[in-house]
There are 2 protein chains.
Amino acid sequence: MLLDEGGHRSATVRRANLSSIARELHARGPLSRSELVARTGLTRSAIRGLIGEFVSAGLVAEERSEPLGVPGRPSARVEPDPEGAVVLSLAIAVDSLGAALVGFGGTILDLVRVDRRPERSSVEEIADDLLALVSRLDGWSAAGPRILGVGVAVVGVVRRADGFVSMAPNLGWRDVPLGDALARTLDPGLPITVANEADLSALAELRRGVAIGGDDIVFISGEVGVGGGLIVDGKPLTGVAGYGGEVGHIPVNPDGVECRCGSIGCWETEIGEGTLLRLAGHPPDGGREAVDAVLREADAGVASAMAALEHVGHWLGIGLAGLVNVLDPRLIVLGGRFGRMYPYVVATVERELDRRALAAPRELVRIVPSALGIDAPLLGAAELAFEPFLAGPATWLPSRSEIPGRAGA
Amino acid sequence: MLLDEGGHRSATVRRANLSSIARELHARGPLSRSELVARTGLTRSAIRGLIGEFVSAGLVAEERSEPLGVPGRPSARVEPDPEGAVVLSLAIAVDSLGAALVGFGGTILDLVRVDRRPERSSVEEIADDLLALVSRLDGWSAAGPRILGVGVAVVGVVRRADGFVSMAPNLGWRDVPLGDALARTLDPGLPITVANEADLSALAELRRGVAIGGDDIVFISGEVGVGGGLIVDGKPLTGVAGYGGEVGHIPVNPDGVECRCGSIGCWETEIGEGTLLRLAGHPPDGGREAVDAVLREADAGVASAMAALEHVGHWLGIGLAGLVNVLDPRLIVLGGRFGRMYPYVVATVERELDRRALAAPRELVRIVPSALGIDAPLLGAAELAFEPFLAGPATWLPSRSEIPGRAGA
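Source: prediction; values computed, not measured.

## As for the overall build of chain A
Within chain A, the secondary structure is distributed over 14 helices and 16 strands. Scaling as 2.2 N^0.38, a compact globule of 409 residues should have a C-alpha radius of gyration of about 22 Å, and chain A matches this with 23 Å. In terms of its C-alpha atoms, chain A occupies a principal-axis envelope of roughly 65 × 50 × 45 Å. Within the span of chain A, comprising 409 residues, buried residues form 50% of the whole. Contacts in chain A between residues at least 24 apart in sequence constitute 64% of all its contacts with a sequence separation of at least 6.

Dropping the structure here:
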């Protein structure tokens, strides 16, 4: 949006400037007015006026800092109020369901998680289970009118526009209208956005985790399936319809075994949890506990466990080499089970990258474990739900009763 | 860059608005003032003033359109002058060198190309050959002060910052300072930008070819090597240092043959020209003419030629399935030799995508041949060279003698 040279469009400018302030406060937490001036490029007087709007709306508290003995007036400290604007985030993993209330500034107000057996459930059953979980969140009933929206992370291939899950083999889902089902079950006035859990984990690591402020990031997560979240030039890669980042289904072994997606030799068939467990002599559906058992066996020098981890590291490296050559990333983040396996596989992965990635991008990339671990999908879902507010906080400011999409609330 | 609410920064606004107009005229050619108003969001009076600056600088001609019998004053027609701002573009392919002068609005003023034997040449030899080629361009000597810069496309892995080629196996190059060598050989005052030829071909198809205005595009080109150019959310994917898009080195066949990059079973080893020719019973270094011979043999029903094309189509489909799952693109553009092979391989490619890509992104993607063919790298290099001007035309406007970086010209 450009502005004309005569009278500029003040409503548009105001909206952009409010958004800029909201993003800084949400990303970084409390800031002084001087820091806001430096970070947004706005004038001191503009900052003062705009902060006033946030304060009136109960979104921000402002307090004068203690003088530090430096000359001049101390700069007022501007603090986002986590209770002033809240989102609900939900996560559907293969073996657990999670729910959290997250406040402005990224504060986790409450978080609950329950195990679920990795058996097939209908979307209605899962929606009901999530509703039960939500009701256990401290502050949920009180948060009512301050809830901006709902973000949902799911282990599946998701169409962003309406939260339609075209495929989630590890939930037994194909063509499931998850967004619609949740809208019926939850408060119908709340805007709901659904995305893939690995995409959201990558977003969470970018905003709150090991990749803060990063530009080009490959996030790989895995439990039963293998997912990826890609950050390109600082923004999540979604593709045309939000299906991007399904790295688990890159063909890596044309002579490999059949994948649940219907193809053959997908990356997931070589590095997925089932393969690790089978090679280590455990039942392939043993889940998180069985993976931990394999890691303990490797610590104790059990050959089958070490060979299984070597296999996963080998194929992890092969697939990552392709992604390094395609994306030239700065950082590879191993998340989910791969985060736990990191110390056991990183040497093998590095060796395969040395062999198979082009020297120039290879030299630039580092491999690190996820910082957020199992909470990454929930935190990413919260970021997703905050996005409309951060992009246009003006809509929420003038009169808090006129929140769009909350007519039915 | 945001503007404050009080006095907005008029220099910044002016620069952004001039850029917006320059981009529209460069991308679309002649436009009426009304169309510029609609496309830029600027007011009619702002457009009038800004166009005046372009006219004064000799970059744009403005003429009143013929009345069309519709009421009201006819809107003036604004036309970029191709001779008003010119870039030099150069392309280093395995079997040819090319040079072109391209004018504002994308007009090719002249283009020359010479075959080169696919033998190894030093960077100095190639720079000299390019200089000889440039001197044959009509209008080169006269264009002098109106040359904005030089864009260079090369079949190699390029660091964008300084045009350093870390690897171009098909030229026999490793760690070659191409940017520096060209700066020494050409007019030393000209800014030179170097990028990978497939990346630039993708950019050309996005701006001038089969993918105009597209958002998510996978461009694959091949001759001896296989390159890729990726457009993500409307912008070229470069990665951290410009090495992105090296799809030819995705590992697709762990039991495959050694690749010139040092790895094993890269995509290039299965779909590169050498493999096609070898399988079809031709010398693998036969080049473009030998590929054409294979296509003629396939037309005549020669079994070895058909089997070779089937092999390439099969592996092309496998690799593209991975890219579809990772990137969720709208369009796959087959360029270079693959553009010529398109009618012979498209059915096989589509079949492999059906088998191996996830259903949801598979349904959205179309496969098309390149529209620009062999000219794509040169046209993309021209776009690269135009970029600083399009981003900040203000720098070139106030006084044409103060062109930055032309001190030595």
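Past the structure itself, the notes keep going.
## Details of the interface of chain A and chain B
By a frequent convention, interface size equals the accessible area lost on bringing the separate parts together. Between chain A and chain B, the contact holds 61 residues from the first and 61 residues from the second. Of all the secondary structure elements, the ones that give two or more residues to the side of chain A that touches chain B are α1 (10–28), α3 (44–56), β8 (157–159), β9 (164–168), α11 (303–327), α12 (337–356) and α13 (359–364) of chain A. In the side of chain A that touches chain B, the residues fall into 30 nonpolar, 19 polar and 12 charged.

## Structural notes on the packing of helix α10 (residues 287–299) of chain B against helix α12 (residues 337–356) of chain B
Angle between the axes and distance between the axes are the two parameters that describe a pair of packed helices. All names here are of chain B. Where α10 meets α12, the closest approach of the two axes is 11 Å, and the angle between their N-to-C directions is 5 degrees. It follows from the interaxial angle that α10 and α12 lie roughly parallel. Contacts between α10 and α12 involve Val-291, Leu-295 and Ala-298 from the first element and Arg-337, Arg-340, Met-341 and Tyr-344 from the second. In the contact of α10 with α12, the residues fall into 5 nonpolar, no polar and 2 charged.

## Some words on the domain arrangement of chain A
Residues and elements named next belong to chain A. Assigned domains within chain A: domain 1 (10–80), domain 2 (86–200 + 376–397) and domain 3 (210–370). Taking the mean C-alpha position of each, domain 2 and domain 3 sit 25 Å from one another. By residue number, the principal contributor to the side of domain 2 that touches domain 3 is helix α7 (residues 197–208), which donates 4 residues. Of the residues assigned to the side of domain 2 that touches domain 3, the class counts are 12 nonpolar, 2 polar and 5 charged.

## Regarding the sheet that holds strand β5 (residues 96–103) of chain A
Residues and elements named next belong to chain A. Spatially, β6-β5-β4-β7-β11 is the arrangement adopted by the 5 strands of the open sheet, whose pairing is mixed. If you trace the sheet from one side to the other, it starts and ends with β6 (107–115) and β11 (192–196), each paired once. Across the sheet, the axes of successive neighbouring strands diverge by a mean angle of 15 degrees, strand direction being ignored. In this sheet, β6 lies alongside β5 in antiparallel orientation, the contact comprising 8 bridges. Of the residues in β6, the one forming a bridge with Leu-97 is Val-114. Packed onto the sheet, α7 meets β4 (86–92), β7 (147–154) and β11 and runs at close to 95 degrees relative to β11.

## Topic: the pairing of strand β15 (residues 331–336) of chain A
Residues and elements named next belong to chain A. Extensive coverage of β15 is indicated by the burial of 6 of its 6 residues. Of the strand pairs in this sheet, strand β12 (residues 217–222) and β15 are connected by 6 bridges, and their pairing is parallel. Paired with Val-218 across the strands is Ile-332, a residue of β15. Across 4 bridges, β15 lies against strand β16 (residues 366–369) in parallel orientation. Counterpart to Leu-331 in the pairing with β16 is Arg-366.

## Section: the confidence of the model for chain A
Residue and element names in this part refer to chain A. For chain A, per-residue confidence averages 90 on the pLDDT scale, and residues scoring 70 or more make up 92% of the total. Scored below 50 in pLDDT, residues 399–409 shows 12 contacts in the model against residues more than four places distant or in partner chains. Among the prediction metrics, the complex's ipTM stands at 0.88, with pTM recorded as 0.89.

## Comments concerning the relation of the copies chain A and chain B
The transformation that overlays chain A on chain B combines an axial shift of 0.0 Å with a rotation of 180 degrees, and the residual RMSD is 0.0 Å. A rotation of that kind, with that shift, is consistent with a two-fold axis. By C-alpha distance to the rotation axis, the residue of chain A lying nearest is Val-252 of chain A, at 2.6 Å. Residue by residue, 100% of the interface of chain A is reproduced at the interface of chain B, so both copies engage with the same surface.

## Concerning the pairing of strand β10 (residues 173–177) of chain B
Relative to β10 of chain B, strand β9 (residues 164–168) of chain B runs antiparallel, the two sharing 4 bridges. By the bridge assignment, Met-167 of chain B is partnered in β10 of chain B with Arg-174 of chain B.

## What to know about unusual backbone geometry
With phi around 55 degrees, Asp-233 of chain A is a residue other than glycine that occupies positive phi space. Along the chain, Asp-233 of chain A falls in the loop between β13 (226–232) and β14 (235–236). Residue classification places Asp-233 of chain A among the partly exposed positions, given that 16 C-beta atoms sit within 10 Å. In this structure, Asp-328 of chain B is a non-glycine residue whose phi angle is positive, near 45 degrees. Assessed through the 27 C-beta atoms surrounding it within 10 Å, Asp-328 of chain B is described here as buried.

## Digging into the sheet that holds strand β10 (residues 173–177) of chain A
Residues and elements named next belong to chain A. With antiparallel pairing, 3 strands are arranged side by side in an open sheet as β8-β9-β10. Each edge of the sheet is formed by a strand with only one pairing partner; in this case those strands are β8 and β10. Adjacent strand axes in the sheet meet at a mean angle of 15 degrees when their direction is disregarded.

## Some details on α3 of chain A
Residues and elements named next belong to chain A. Spanning 13 residues, α3 covers 18 Å between terminal C-alpha atoms, matching the ideal 18 Å at 1.5 Å per step. Buried residues of α3: Ala-46, Ile-47, Leu-50, Ile-51 and Phe-54, and no others. Projected onto a plane normal to the axis of α3, the buried residues spread over an arc of 125 degrees and lie on a single side. In this structure, α3 carries Ser-45, Gly-52 and Ser-56 as exposed residues pointing more than 90 degrees from its buried face. Following α3 by one or two positions, Gly-58 has its phi on the positive side, about 75 degrees.

## Observations regarding helix α7 (residues 197–208) of chain B
All names here are of chain B. Along its 12 residues, α7 runs 16 Å from first to last C-alpha, staying within 8% of the 16 Å computed at 1.5 Å per residue. With 12 of 12 residues buried, α7 lies mostly within the body of the structure. What α7 keeps buried is the set Glu-197, Ala-198, Asp-199, Leu-200, Ser-201, Ala-202, Leu-203, Ala-204, Glu-205, Leu-206, Arg-207 and Arg-208.

## Some points on the environment of Glu-270 of chain B
Residue and element names in this part refer to chain B. With respect to the helices and strands, the residue Glu-270 is situated in helix α8 (residues 267–271). Glu-270 sits 190 residues away from Pro-80 along the chain, and the two C-alpha atoms are 45 Å apart. What Glu-270 contacts, discounting residues up to four positions off in sequence, is Val-252, Asn-253, Gly-256, Thr-275 and Trp-315.

## Remarks on the environment of Pro-283 of chain B
Structurally, the position occupied by Pro-283 of chain B is in the loop between α9 (273–279) and α10. Beyond its immediate stretch of four places on either side in the chain, Pro-283 of chain B contacts Leu-277 and Ala-290 of chain B.

## Here we look at the environment of Val-60 of chain B
All names here are of chain B. Within the element layout of this structure, Val-60 appears in strand β2 (residues 60–64). Taking the number of C-beta atoms within 10 Å as the measure of exposure, Val-60 has 24 and is therefore buried. When the C-alpha positions of Val-60 and Gly-105 are compared, they lie 10.0 Å apart, and in sequence the two are 45 residues distant. Beyond its immediate sequence surroundings of up to four residues, Val-60 is in contact with Leu-25, Ile-51, Phe-54, Val-55, Val-78, Glu-79, Pro-80 and Asp-81.

## Brief notes about the packing of helix α4 (residues 123–135) of chain B against helix α6 (residues 178–185) of chain B
All names here are of chain B. Packing of α4 against α6 brings their axes to within 9 Å, and their N-to-C directions diverge by 45 degrees. As judged from the angle between their axes, α4 and α6 are oblique. For the crossing formed where α4 meets α6, the hand is right-handed. Between α4, through Val-123, Glu-124, Ala-127, Asp-128 and Leu-131, and α6, the contact on the second element is made entirely by Leu-178, Ala-181, Leu-182 and Thr-185. Looking at the contact of α4 with α6 residue by residue, the class counts come to 6 nonpolar, 1 polar and 2 charged.

Reading the values: rules and limits
- Residues numbered from 1 in each chain as written.
- Chains lettered and ligands numbered in written order.
- Predicted model: local features only at pLDDT ≥ 70, side-chain atom pairs only at ≥ 80, totals over all residues.
- Helix = DSSP H or I, 4+ residues; strand = E, 2+ residues; numbered from the N terminus.
- Rg over C-alpha atoms; globule rule 2.2 N^0.38 Å.
- Buried ≥ 20, exposed ≤ 12 C-beta atoms within 10 Å, placed from the backbone.
- Contact = placed C-beta atoms within 7 Å.
- Nonpolar A, V, L, I, M, F, W, Y, C, P; charged D, E, K, R; others polar.
- Axes fitted to C-alpha atoms, helices over the stretch in contact; angles between N-to-C directions.
- Parallel < 35°, antiparallel > 145°, perpendicular 65-115°, else oblique.
- Domains from an automatic or database assignment.
- Pairing = 2+ DSSP bridges.
- pLDDT = per-residue confidence, 0-100.
- Least-squares fit on C-alpha atoms with pLDDT ≥ 70 in both.
- Expected span 1.5 Å × (residues − 1).
- Arc of directions from axis to C-beta.
- Left-handed = near helix turned anticlockwise from the far one by under 90°.

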